[in-house]
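As a plain string of letters, each chain reads:
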Amino acid sequence: MALLNSLLQNSAVIKVLPSLHRRGISIRHVVFALAFSVASWTLYYNYLRRSGAPFLQEAISWPPETPETWAERAVQVKNAFLHAYHGYEQFAFPHDELLPLSNTSTDNFNGWGVTVVDSLDTMLLMGLGAEYGRAIPMIRNTNFSLPMNTRVPFFETVIRYMGGFLSAYAISEDDLLRDKADELATKLSPAFNTSSGFPVFSVDTYNTKWSSGVLAEIASYQMEYAYLGKITGKKEHVDRATSTTNLFYNANLSLSGGMYPTTWDLSAGTPSNFRLSVGAAADSGHEYTLKQFLMTGQTDRANLEMYLRFTLHVINNLLYVSPQRKLLYVTDSTTYGNNTATSHSFEHLSCFFPGLLALGVHTLPLNHLETVGINITELADDLLPKHQQGYEDLAEFNLADLHLWAAEGIAQTCYLTYADQPSGLGPEAVTMRVGGGKYRETRWMDAMRSWKKGGQLGFPPGVGDKHPYVGNPNPTTPSQRETVAIEKDYRVKNMAYYLRPEAIESFYILWRTTGDVKWRHRGWNVFQAIERVAKTPSGYASVNKVHTSNPTQQDSMPSYFLAETLKYLYLLFLEEDIVPLEKWVFNTEAHPFPVFEWSQGEKEAYGII
């Protein structure tokens, strides 16, 4: 009021009042306008500007839905699971996967009925006792026998079969499932017959050969083997997990900024290239750093440090903002000598990453890491000066905010790659457009520093709700296709949707950690597109040409569609939080394992520090 009185007493104001009165504007109008202006100014500079809340940006509203509506949507997902699984039972059981167009089967994962094992915990979570009961006799009779010289894919066998057994055991406490996981682990033991101790890509128990391995396949089994060791009391299983942690923790990553490269020498146990990615060949290797830390009661400091180093390098170096729509995305880079090339490819597989970041924000004291004995800048002591500088630059930001903003921005871009397409389904990979800046590309952290320097007006770069593309849905000429690419800020690189779960996974974690209902609505839109485009009389099919109005179905229904995609959709719509993130940790195949702690006796027996 003091400010208003001062303005009204000003002689210039007094002089214009008669003129305003002749125009029908009274002193009351003037006071109201001034009061509104002052209130808006105060709100902006004391709250909105600092918080990054929208002030001038258009908001996207989502329709309010009742708990009953979401419960009904969860039932629809359960019915989708039953449709897919019953089709598998009718046309493919006990083989690995259903071919949903020809109504035949394929044995592409050892012939042990991968769809059954991968689906066990989904059945239990959905309360499908009849289906679960029909699966158990097949499980009991599985002996993991193979013809001579048959190779078993280690990574897929661990995450789908062993993960499926262990998760179903954790939920049901049926000892049969624990024993089958133990039997399978013994069968897979020749995979570790390498000089380094890293497992080979595939196991031939009669003639093991090995040379190199990709990150996702040599670094994505710690959770399974650690939990198996916990419930069986067998040291050899625990050793598999701890030895991998030690190999990666002691590896020289100075040239890769502290982040795991994608390819490793299985003899020496060292990186054999300097390609950095969170997508294909790498994703779950990074994912398990945080998840192994969380599953073992947040006591595994080595994995925590590796998670922080990996995420800090990604945030500093692999996040970019597109030039027109300001889409935030994560990509990959490859270093040759002194030169680093960035592909600007954005993969659907990378859409797990925002969920991982959100999980880290939810569970870690990112702004108070000193409470767990970690100094961020000291994590860069063994890195090159250019990478050390990146760690120092991050000190000016709130680390938890930074991780959450990155999670929300990337997850939104994942959603838009679905919503932008006429089919409503997301392509396997897109190539993002670049523009602006010295190298015609904009790193997110460069944009963030400019935003901070400019007073943090509006949302951070790449964050904030954005509308889907509404332009030409069917470009036919090169000129039209180029226009669409410019308007979308990307070109579709691989036009297929393989019923993948990664985007839904992140929507689910963001919903549970932030409570923002938009992630449920986005998941519902994706589910409706799956129902509309991918459904067949016997199941659901992968879809090609999702960027057109006439997509085509492919004769494939991966087991992960039932293990992951439908499970995450069900949990996203379910009102009750039946798998709380504080008590359970999902493996990379969406099999939840319970959080546990090693007893003092176990630590001494297994050599756990």
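The numbering scheme is per chain: residues are counted from 1 as the chain's sequence reads. pLDDT decides what is reported in this predicted model: residues at 70 or higher carry local features, side-chain atom pairs at 80 or more are listed and counted, and totals for whole chains, interfaces and linings draw on all residues regardless. Heavy atoms throughout the structure, all of them, feed into the side-chain values; hydrogens and water do not.

J.: Mind showing me how you'd approach the overall build of the protein chain here?
T.: Strands here are runs of E lasting at least two residues and helices are runs of H or I lasting at least four, both read from the DSSP assignment and numbered beginning at the N terminus. What the protein chain contains, in helices and strands, is 22 helices and 19 strands. Burial classes follow relative accessibility: with a 1.4 Å probe on protein chains only, a residue under 20% of its type's maximum area counts as buried, one over 50% as exposed, and anything between as partly exposed. Each of the 609 residues in the protein chain was classed as buried or not, and the buried ones make up 54%. Pairs of residues are marked as contacts when any of their non-hydrogen atoms sit within 4.5 Å. For the protein chain, restricting intrachain contacts to residue pairs at least 6 apart in sequence, the fraction spanning at least 24 positions comes to 73%. Methods summary: accessible areas were calculated by the Shrake-Rupley approach with a probe of 1.4 Å, and residue burial reflects only the protein chains presented. Only carbon and sulfur atoms are counted for the fraction: they give 53% of the accessible area of the protein chain, which is about 25,100 Å².

J.: I keep staring at the sheet that holds strand E13 (residues 345-347) and nothing clicks. Help me out?
T.: The strands that make up a sheet are held in pairs by hydrogen bonds between backbone atoms, and each pair lies either parallel or antiparallel. Any two strands with at least two DSSP bridges between them are considered paired. An order of E13-E14-E15 is seen for the three strands of this open sheet, with the pairing classed as antiparallel. Looking at strand neighbours, the two that pair on one side only are E13 and strand E15 (490-494), the edges of this open sheet. Adjacent strand axes in the sheet meet at a mean angle of 30 degrees when their direction is disregarded. Relative to strand E14 (residues 429-432), E13 is paired through three bridges, and the arrangement is antiparallel. Residue Glu347 lies in a different strand from E14, and its bridge partner there is Ala429. Each of E13 and E15 touches helix H16 (residues 399-419); the most contacted strand, E13, lies at about 85 degrees to it. To obtain an axis, a line is fitted to C-alpha atoms, over the contacting stretch when the element is a helix, and the angle between two such axes runs from 0 to 180 degrees between their N-to-C directions.

J.: Looking at this structure, how should I read the sheet that holds strand E11 (residues 333-336)?
T.: Taken in spatial order, the three strands of this open sheet run E8-E11-E12, and their pairing is antiparallel. Single-partner strands in this sheet number two, and they are strand E8 (275-276) and strand E12 (339-342). Where E8 lies against E11, two bridges are found, and the strand directions are antiparallel. In the sheet register, Arg275 faces E11, and the bridge partner there is Thr334.

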